[in-house]
Amino acid sequence: MTTTTTSNAPQIGDSWKEALLEEFHQPYFAALKQFLVQEKHEHTVYPPGPLIFSAFNQTSFDQVKVVILGQDPYHGPNQANGLCFSVSDGIKHPPSLVNIFKEMQKDLNVPYPKTGDLSGWAKQGVLLLNTTLTVRAHSPASHQGQGWEIFTDAVIRTLSERREGIVFILWGRHAQAKRALIDMTKHHILEAAHPSPYSANGFFGCRHFSKTNFFLMQRNEMPINWLALGL
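Residues numbered from 1 in each chain as written. Predicted model: local features only at pLDDT ≥ 70, side-chain atom pairs only at ≥ 80, totals over all residues. Heavy atoms only, no water.

A. Molecular detail of the side chain of histidine 187. Mapped onto the fold, histidine 187 is located in the loop between α7 (173–176) and β6 (188–192). Of the polar contacts made by the side chain of histidine 187, one reaches the backbone oxygen of serine 160; its length is 2.9 Å. If we skip the residues at most four places from it in the chain, histidine 187 touches Leu159, Ser160, Arg163, Glu164, Gly165, Ile166, Phe168 and Ile182. (Helix = DSSP H or I, 4+ residues; strand = E, 2+ residues; numbered from the N terminus. Polar contact = N/O pair within 3.5 Å; in protein donor to acceptor, adjacent residues only side chain to side chain. Contact = heavy atoms within 4.5 Å.)

Next comes the structure, spelled out in structure tokens:
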């Protein structure tokens, strides 16, 4: 999935190819590729092939300042675009994204965004990483346990080992289970309930947007302009 040059094939940026080189040669990754070939032959898979590695292609390894962890891509038509919690411009905001924006409104005293496209965050150094990068249409969690989690665990571990001062935002128990992969002596971790309507009462009031910028400014880094959305 990283070497082919056909226009519809998933490709990952050079900085990540280098950082994760060993992963692409592991048996689990070969098995994952075979699984995806078979899935695409029999089912619709989201996101489309060229968007599978969007989180990596829009935020290079050395650029990462913040990591937001999601779980599965959206499984409805035209929703998943390769960035966790994000939808392309013009697509109705899913409930979790609505709650994320509501918290941002209160935390930063800003208007509710019109677009759900979070690529503007990605371009500022926010890695919007789902722990499973693909899903079968209308079938949540259908691609869990096929190898993606091994790969994305390696992403988190490599960032923790090779970088410093990253803010890891962990919403919900699934994301918080990745805490063990992060060196807390080198990085900041922010935790809250998942923004899903089922748990949002524990999410609202977390103020993770302002807290993230506080940590970044402590390191003399440019804070994230959370209102800068879209391409």
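B. Representation of the pairing of strand β2 (residues 66–70) in the model. Most of β2 sits inside the fold, with five of its five residues counted as buried. Of the two faces of β2, both are covered, the one formed by Val66, Ile68 and Gly70 as well as the one formed by Val67 and Leu69. Pairing analysis gives five bridges linking β2 to strand β3 (residues 126–130), with the strands arranged parallel. Directly across from valine 67, in β3, lies its bridge partner leucine 127. Pairing between β2 and strand β5 (residues 167–171): four bridges, direction parallel. Looking at β5, one finds that isoleucine 68 is bridged to isoleucine 169. (Buried < 20%, exposed > 50% of the residue type's maximum accessible area, 1.4 Å probe, protein only. Pairing = 2+ DSSP bridges.)

C. Quick peek at the nonpolar core. Ranked by size, the top nonpolar core spans 66 residues in total, and within it Trp16, Ile68, Trp121, Phe151, Leu159 and Trp171 carry the most contacts. Apart from the residues within four sequence positions on either side, isoleucine 68 is in contact with Cys84, Phe85, Trp121, Val126, Leu127, Leu128, Leu129, Ile169 and Trp171. (Core = buried A, V, L, I, M, F, W, Y, C linked by side-chain atoms within 4.5 Å.)

D. Seen up close, the packing of aromatic side chains. One pass over the structure, following the stated rule, counts 20 aromatic pairs. A centroid spacing of 6.0 Å and a plane angle of 80° characterise the contact between phenylalanine 53 and tryptophan 148, whose relative ring orientation is edge-to-face. With phenylalanine 53 in the loop between β1 (45–46) and α3 (54–58) and tryptophan 148 in helix α6 (residues 148–162), the pair connects residues that are 95 residues apart, well separated along the chain. For phenylalanine 53, a relative accessible area of 0% corresponds to the buried category. Seen in terms of ring centroids, tryptophan 171 and phenylalanine 203 are 5.1 Å apart; in terms of plane orientation they differ by 85°. Their pairing is edge-to-face. Within this pair, whereas tryptophan 171 is found in strand β5, its partner phenylalanine 203 is found in the loop between β6 and α8 (208–218), the two being separated by 32 residues in sequence. Look at phenylalanine 203 and you get buried, because its relative accessible area is 0%. Pairwise contacts between aromatic rings join Trp16, Phe24, Tyr28, Phe29, Phe53, Phe56, Phe61, Trp148 and Phe151 into one cluster. (Phe/Tyr/Trp six-rings, centres within 6.5 Å; stacked < 30°, edge-to-face > 60°.)

E. Representation of the state of the cysteines. In this structure the tally under the stated criterion is zero disulfides. Cysteine cysteine 84 is unpaired, with the sulfur of cysteine 206 as its nearest cysteine sulfur at 14 Å. (Disulfide = S-S within 2.5 Å.)

F. Region of the structure containing the packing of helix α4 (residues 95–108) against α8. The contact between α4 and α8 brings their axes to 8 Å, and the two run at 60°. Taken together, α4 and α8 sit at an angle that is classed as oblique. Along the contact surface, α4 presents Ile100, Glu103, Met104, Asp107 and Leu108, while α8 presents His208, Phe209 and Ser210. Looking at side-chain class alone, the contact of α4 with α8 contains four nonpolar, two polar and two charged residues. (Axes fitted to C-alpha atoms, helices over the stretch in contact; angles between N-to-C directions. Parallel < 35°, antiparallel > 145°, perpendicular 65-115°, else oblique. Nonpolar A, V, L, I, M, F, W, Y, C, P; charged D, E, K, R; others polar.)

G. Seen up close, the environment of glycine 49. Turning to its location among the elements, glycine 49 is positioned in the loop between β1 and α3. Using a relative accessible area of 11% as the deciding quantity, one classes glycine 49 as buried. Residues glycine 49 and arginine 162, 113 residues apart in the sequence, show an inter-C-alpha distance of 29 Å.

H. Main features of the environment of proline 10. Summarising the element assignment, proline 10 is placed in the segment before α1 (14–19). Spatially, the C-alpha atom of proline 10 lies 9.0 Å from that of serine 54, the residues being 44 residues apart in sequence.

I. Looking closely at the sheet that holds β5. Spatial strand order, β3-β2-β5-β6: four strands in an open sheet with parallel pairing. Among the strands making up the open sheet, the edge pair consists of β3 and β6. Pairs of neighbouring strands in the sheet enclose a mean axial angle of 20°, with direction left out of account.

Take it as geometry only, folks, not as evidence of what the structure does.
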